[in-house]
Amino acid sequence: MYSSVAQLARVNPFSAPHFQLGQDSVTSRKCTNPQAQPTRHLAAAAVQDDEYSCAYGSAKFFALCGFGGIISCGTTHTAVVPLDLVKCRIQVDPKKYKSIFNGFSVTLKEDGVRGLAKGWAPTFIGYSMQGLCKFGFYEVFKVLYSNLLGEENTYLWRTSLYLAASASAEFFADIALAPMEAAKVRIQTQPGYANTLRQAAPKMYAEEGIWAFYKGVAPLWMRQIPYTMMKFACFERTVEALYKYVVPKPRSECSKGEQLIVTFVAGYIAGVFCAIVSHPADSVVSVLNKEKGSTAGEVLKKLGPKGTLEGIDCPYYYDWYLNCSSMVYL
């Protein structure tokens, strides 16, 4: 009954983006044989096996997924550095930077246009490494957990599988991201501390040792693991819902342009939910990496519930763009 699940797992990293689940095909048709069981069909909606250049689960496949993560995460996060800079400044100094537009205005007045690009180097390096681990390890863990579950349970528990695989991948991705994230926040939120990564990294190491680069890893886990779980699960389920309830024709009959529109809409929706679940921990990360000698608990107590929501309007724009852009590679 579930032999088609192998086809789904073999050619499709995320289920929903490339496949439309034929859940409606599980029907109560009248049969001459009363013992006949309804079957569940998974219809390939966009891509066929012979269009892939490597076998699913091969070393080349994992390498390509990791490379796709570098492109999608590294380039998109770097592209929104100005907005990220304003977001971080609102989080650490809400009295000075009162809103998105006020934050841009103050930054331009004090630092000029070039000031909006502060932190681009650690952003590019850090999020490239994070993307490599996030998308590469996601596939590794998905294969691992799928083998443990078996074909039938892989289909029945596919959402739980995506959540578990994405959480596991993000755990390692944040370890790769933490050093560059710490340097980025110092550059962006401490005027006069450093203007470049080459200036910031040695200074941080001299002041606090290696701990300066990893003291924010726990808040990063608090921020990024729920973010990534929400990102993948919400995106996939939203795509399924759009094709089922909104798009007036099956995915297989949609043009690539129409499918791209659905991808962006789903990315926007996923981005909003990602911002909601991850922003409080994001505020803690920003303040923690700015202040020397602080712990995550002390920062959280200092900010309070209201303080953790400062700048939350920025991620609504920030995260929908990142989700839409990074999901296009799928």
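Quick caveat, the model's predicted, so the values are computed rather than measured.

**Here we look at the packing of aromatic side chains**
Reasoning step 1: Enumeration according to the criterion identifies nine aromatic pairs in this entry.
Reasoning step 2: Pairwise contacts between aromatic rings join Phe-137, Phe-141, Tyr-145, Phe-171, Phe-172 and Trp-221 into one cluster.
Reasoning step 3: In this structure, Arg-158 is placed above the aromatic ring of Tyr-155, and the distance from its NZ or CZ to the ring centre is 4.8 Å.
Reasoning step 4: The residue whose ring lies beneath Lys-203 is Tyr-193, and the NZ or CZ to ring-centre distance is 4.4 Å.

**A few points about the pattern of salt bridges**
Reasoning step 1: Using the criterion set out here, one finds 12 salt bridges in the structure.
Reasoning step 2: Between Glu-240 and Arg-237 there is a salt bridge; the shortest N-O distance is 2.9 Å. Taken together, the residues span about one helical turn, with Glu-240 and Arg-237 both in helix H10 (residues 217–246) at a distance of three residues.
Reasoning step 3: On the basis of relative accessible area, Arg-237 is assigned to the partly exposed category, the value being 34%.
Reasoning step 4: Each of Asp-84, Lys-87, Glu-181 and Lys-184 takes part in a single network of salt bridges with overlapping partners.

**Focus on the packing of helix H3 (residues 81–92) against helix H4 (residues 100–111)**
Reasoning step 1: Relative orientation of the contacting elements H3 and H4 amounts to 100°, with a least axis distance of 9 Å. Accordingly, the angle class assigned to the pair H3 and H4 is roughly perpendicular. Every residue of H4 that contacts H3 at Pro-82, Leu-83, Leu-85, Val-86, Arg-89 and Ile-90 is listed here: Ile-100, Gly-103, Phe-104, Thr-107 and Asp-111.
Reasoning step 2: Of the residues in the contact of H3 with H4, the class split is seven nonpolar, two polar and two charged.

**Section: empty space enclosed by the protein**
Reasoning step 1: Evaluated as defined, the whole model comprises two cavities of 30 Å³ or more.
Reasoning step 2: Considering only enclosed or pocket space, the second largest cavity measures out at about 40 Å³ in volume.
Reasoning step 3: Surrounding the second largest cavity, Arg-158, Thr-159, Tyr-162, Ala-233, Glu-236, Arg-237 and Glu-240 form its lining.
Reasoning step 4: Elements represented by at least two residues in the lining of the second largest cavity include exactly helix H7 (158–189) and H10.
Reasoning step 5: A per-element tally of the lining of the second largest cavity places H10 first, with four residues.
Reasoning step 6: Looking at the lining of the second largest cavity, its residues break down into two nonpolar, one polar and four charged.

**A word on the environment of Val-262**
Reasoning step 1: Inspection of the secondary structure assignment puts Val-262 in helix H11 (residues 256–290).
Reasoning step 2: For Val-262, a relative accessible area of 8% gives the class buried.
Reasoning step 3: Along the chain, Val-262 and Val-239 lie 23 residues apart, while their C-alpha atoms are 6.8 Å from each other.
Reasoning step 4: Setting aside anything within four residues of it in sequence, one finds Val-262 in contact with Leu-242, Tyr-243 and Val-247.

**A short note on the nonpolar core**
Nonpolar side chains tend to gather and get buried jointly when the protein is soluble and globular.
Reasoning step 1: Of all hydrophobic cores here, the largest spans 11 residues; its members are Met-180, Ala-182, Ala-183, Ile-187, Tyr-193, Ala-194, Leu-197, Ala-200, Met-204, Ala-212 and Phe-213.
Reasoning step 2: Sort the elements by how many residues they give to this core and H7 lands first, with four residues.
Reasoning step 3: Discounting chain neighbours no more than four positions away, the residues touching Ala-212 are Ala-182 and Met-204.
Reasoning step 4: Formed by 10 residues, the second largest nonpolar core is a distinct cluster that contains Val-239, Leu-242, Cys-254 and Ala-266.

**Regarding the packing of H3 against H7**
Reasoning step 1: As a packed pair, H3 and H7 sit with axes 9 Å apart at the nearest point and diverge in direction by 75°. In terms of axis orientation, H3 runs roughly perpendicular to H7. The residues of H7 that touch H3, namely those facing Val-81, Asp-84, Leu-85, Cys-88, Arg-89 and Val-92, are Lys-184, Gln-188 and Thr-189.
Reasoning step 2: Classifying every residue of the contact of H3 with H7 by side-chain character gives four nonpolar, two polar and three charged.

**What to know about the environment of Phe-235**
Reasoning step 1: Following the sequence through the fold, Phe-235 ends up in helix H10.
Reasoning step 2: Phe-235 gets classed as buried once you look at its relative accessible area, which sits at 2%.

**Notes on the confidence of the model for the protein**
The predicted coordinates of low-pLDDT regions are not to be read in fine detail.
Reasoning step 1: Put simply, the protein has an average pLDDT of 74, and 67% of its residues get 70 or more.
Reasoning step 2: Considering only residues more than four positions removed or in separate chains, one finds that residues 1–50, a stretch of pLDDT under 50, has 97 contacts.
Reasoning step 3: For residues 308–330, every residue scores under 50 in pLDDT, and the model assigns this stretch 76 contacts once sequence neighbours within four places are set aside.

**Quick look at a nonpolar patch on the surface**
Reasoning step 1: A surface patch of nonpolar side chains, amounting to about 840 Å² of accessible area, comprises Phe-137, Val-140, Phe-171, Phe-172, Ile-175, Tyr-205, Ile-210, Trp-211 and Tyr-214.
Reasoning step 2: Within the residue set of the nonpolar patch, elements represented by two or more residues are helix H5 (120–149), H7 and helix H9 (211–214).
Reasoning step 3: With three residues, H7 is the largest single contributor of residues to the nonpolar patch.
Reasoning step 4: Relative to the assigned elements, Phe-171 resides in helix H7.

**Describing helix H2 (residues 59–79)**
Reasoning step 1: The first and last C-alpha atoms of H2 sit 30 Å apart over 21 residues, in line with the 30 Å expected at 1.5 Å per residue.
Reasoning step 2: For H2, the full list of buried residues reads Phe-61, Cys-65, Gly-66, Gly-68, Gly-69, Ser-72, Cys-73, Gly-74, Thr-76 and His-77.

Calculation notes
Residues numbered from 1 in each chain as written. Predicted model: local features only at pLDDT ≥ 70, side-chain atom pairs only at ≥ 80, totals over all residues. Heavy atoms only, no water. Phe/Tyr/Trp six-rings, centres within 6.5 Å; stacked < 30°, edge-to-face > 60°. Lys NZ or Arg CZ within 6 Å of the ring centre and 35° of its normal. Salt bridge = Lys/Arg side-chain N within 4 Å of Asp/Glu carboxyl O. Helix = DSSP H or I, 4+ residues; strand = E, 2+ residues; numbered from the N terminus. Buried < 20%, exposed > 50% of the residue type's maximum accessible area, 1.4 Å probe, protein only. Axes fitted to C-alpha atoms, helices over the stretch in contact; angles between N-to-C directions. Parallel < 35°, antiparallel > 145°, perpendicular 65-115°, else oblique. Contact = heavy atoms within 4.5 Å. Nonpolar A, V, L, I, M, F, W, Y, C, P; charged D, E, K, R; others polar. 1 Å grid on protein atoms, 1.4 Å probe; cavity = no way out; pocket = protein on both sides within 12 Å on 5 of 7 lines; lining within 4 Å. Points joined across faces, edges and corners; volume = space filled by probe spheres on them. Core = buried A, V, L, I, M, F, W, Y, C linked by side-chain atoms within 4.5 Å. pLDDT = per-residue confidence, 0-100. Patch = residues over 30% accessible without salt bridge, like charges linked within 9 Å, V, L, I, M, F, W, Y side chains within 5 Å. Areas by Shrake-Rupley, 256 points an atom, 1.4 Å probe, with all protein chains shown as cover. Expected span 1.5 Å × (residues − 1).

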